[in-house]
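One-letter residues, chain by chain:
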Amino acid sequence: MHQSSAGPLALSYAALIVFASLFPFEGWRAQGIDPLVFLLAALPPPYWTWFDVLTNAAGYAPLGFLLALGLLRTGSGRRAVLLATLAGALLSLAMEFLQIYLPRRVPSNLDLALNAAGALAGASIAALLERLGVLGRWHDWRERWLLPDARGAMVLLALWPPALLFPAAVPFGLGQVQQRLETALIGWLAHTPSMPSMPLPDGLPLRQTALAPLSPGGELLCVALGLLAPCLLGYCVIRRARHRVLLALALAALGIALTALSAALSWGPVHAWQWLNRPARAGLWAALALALLLLALPRRACAAMLLLALVWQLALLNQAPTSAYFAQTLQLWEQGRFIRFYGLGQWLGWLWPYATLLYVLLRVSGRQRHEPLS
């Protein structure tokens, strides 16, 4: 029997909620506030916006949907909606309570009510789809398209689109972390005895040469490898070669749309396609051409190609700096209305390639039942 992806996806989404709710994880202190104050406060609160209302309700709907779906798969039946809603409400209550100790966050009973309502809506949609037979048809589709052990790849593929929403210095350039890690490490060590009077950053032996900007050819290669990676990940678990074509086209369309949305949110709607320069266009066509050329590649060979693509792209990206204009864009995200999604999206973009590397290494090294590609 295949394993459902609903459980791991629900846990992953709950972790993302925790991150978004408690970001930036600094300034923890007791502020002398009674926890019951926000629970018993009058509704609506004095300061609220429709943006907050919609994001709080919509933010917990996927969690309720995934929890109810996982419970329905275990035979919980009618209790699935109640248990999923209760779990979402308890998670929200825990987040609101912890926000009491974060000066930059404000606990709210309205947020708690909206989160619980969102979880209820998501769980109800899952129950309705189950009653209408839609989830059964999804199960049949999965059996025709995917291998039984496809759960890990499905979770990673589901996390790839939201990882693209945070602005990237290079289109599809996820995992560019070296410069940020160096800056953070320099800040940690600047006032320690290990670096008493050394000039920064020369006193930090992380690299011997300065970061060099990507050439147009390097940018082209990063774009191509960044789009090819999720295609190869899907190839590792898809049963038939003809289905790989549809996956590659769907991922390309989704990736282009989300990158344009990210650019629109970053620089404004008139600049939604500013990222699509000549190297980016050439990289997109190169990724699609490679994806089509590799359609008949065996699954283990696809995993090996995926490892090569990820390592190559990460090496290129982490040898290049980010521009000052891009750093200014990040400040707008950190300080604007996207603060709740800032850490969430950025960490997804940072960690997705490395999580995929780990998954593929485990998949290649483990014992698998080899099924011929049809």
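A. Just the overall build of the chain, in detail. A tally of helices and strands in the chain yields 14 helices and 0 strands. Taken from N to C terminus, the helices and strands of the chain fall in the order α-α-α-α-α-α-α-α-α-α-α-α-α-α. Here the chain holds 374 residues, and the buried ones make up 44% of them. Sequence-distant contacts, at least 24 apart, represent 83% of the contacts inside the chain between residues at least 6 apart. For the chain, the accessible area works out to roughly 19,800 Å², and carbon and sulfur atoms hold 69% of it.

B. Representation of the environment of I33. Tracing the chain through its elements places I33 in the loop between helix 1 (6-22) and helix 2 (35-39). Assessed through its relative accessible area of 41%, I33 is described here as partly exposed. Along the primary structure I33 and Y101 are separated by 68 residues, whereas in three dimensions their C-alpha atoms are 8.7 Å apart.

C. Region of interest: the nonpolar core. W160, F172, L233 and Y235 are the most contacted members of the largest nonpolar core, which has 59 residues in total. Of all the secondary-structure elements, those providing two or more residues to this core are helix 1, helix 7 (151-165), helix 9 (216-235), helix 10 (241-267), helix 11 (278-293), helix 12 (299-317) and helix 14 (339-365). Considering each element in turn, this core owes the most residues, 10 residues, to helix 9. Grouped together as the second largest cluster of nonpolar side chains are 9 residues, I17, L22, L91 and M95 included.

D. Representation of the confidence of the model for the chain. Here the chain shows a mean pLDDT of 80. Residues at 70 or above account for 78%. In the model of the chain, helix 13 (residues 324-335) stands out as the element of lowest mean pLDDT, 53, in contrast to helix 11, which has the highest, 95. Segment residues 200-205 is flagged for pLDDT under 50; beyond a separation of four residues in sequence, or across chains, it makes 11 contacts in the model. This model gives residues 334-339 a pLDDT under 50, and the stretch forms 9 contacts once residues within four places in sequence are excluded.

E. Up close: the state of the cysteines. Inspection of every chain in the model, using the stated rule, returns 0 disulfides. No disulfide involves C236; its nearest neighbouring cysteine sulfur is the one of C302, lying 5.6 Å away.

F. Region of the structure containing helix 12. Over its 19 residues, helix 12 runs 27 Å from end to end, which matches the ideal 27 Å to within 8%, given 1.5 Å per residue. For helix 12, the full list of buried residues reads R299, C302, A303, L306, L307, A309, L310, Q313, L314, L316 and L317.

G. Looking closely at the packing of helix 4 (residues 79-98) against helix 5 (residues 109-132). Where helix 4 contacts helix 5, the axes come no closer than 8 Å and their chain directions differ by 155°. It follows that helix 4 is roughly antiparallel to helix 5 by the angle criterion. Relative to helix 5, the crossing made by helix 4 is right-handed. On the side of helix 4, the interface is formed by V81, A84, T85, G88, A89, S92, L93 and E96, while helix 5 contributes D111, L112, N115, A116, A119, L120, A123, S124 and A127.

H. The arrangement of the packing of aromatic side chains in detail. Within the structure shown, the criterion is met by 4 aromatic pairs. Plain terms: the ring middles of F172 and W275 are 6.4 Å apart, the flat faces sit at 85° to each other, and that makes the pair edge-to-face. Here the residue F172 occupies a position in the loop between helix 7 and helix 8 (178-189), and W275 occupies one in the loop between helix 10 and helix 11, the gap between them amounting to 103 residues.

Cut-offs applied
Residues numbered from 1 in each chain as written. Predicted model: local features only at pLDDT ≥ 70, side-chain atom pairs only at ≥ 80, totals over all residues. Heavy atoms only, no water. Helix = DSSP H or I, 4+ residues; strand = E, 2+ residues; numbered from the N terminus. Buried < 20%, exposed > 50% of the residue type's maximum accessible area, 1.4 Å probe, protein only. Contact = heavy atoms within 4.5 Å. Areas by Shrake-Rupley, 256 points an atom, 1.4 Å probe, with all protein chains shown as cover. Core = buried A, V, L, I, M, F, W, Y, C linked by side-chain atoms within 4.5 Å. pLDDT = per-residue confidence, 0-100. Disulfide = S-S within 2.5 Å. Expected span 1.5 Å × (residues − 1). Axes fitted to C-alpha atoms, helices over the stretch in contact; angles between N-to-C directions. Parallel < 35°, antiparallel > 145°, perpendicular 65-115°, else oblique. Left-handed = near helix turned anticlockwise from the far one by under 90°. Phe/Tyr/Trp six-rings, centres within 6.5 Å; stacked < 30°, edge-to-face > 60°.

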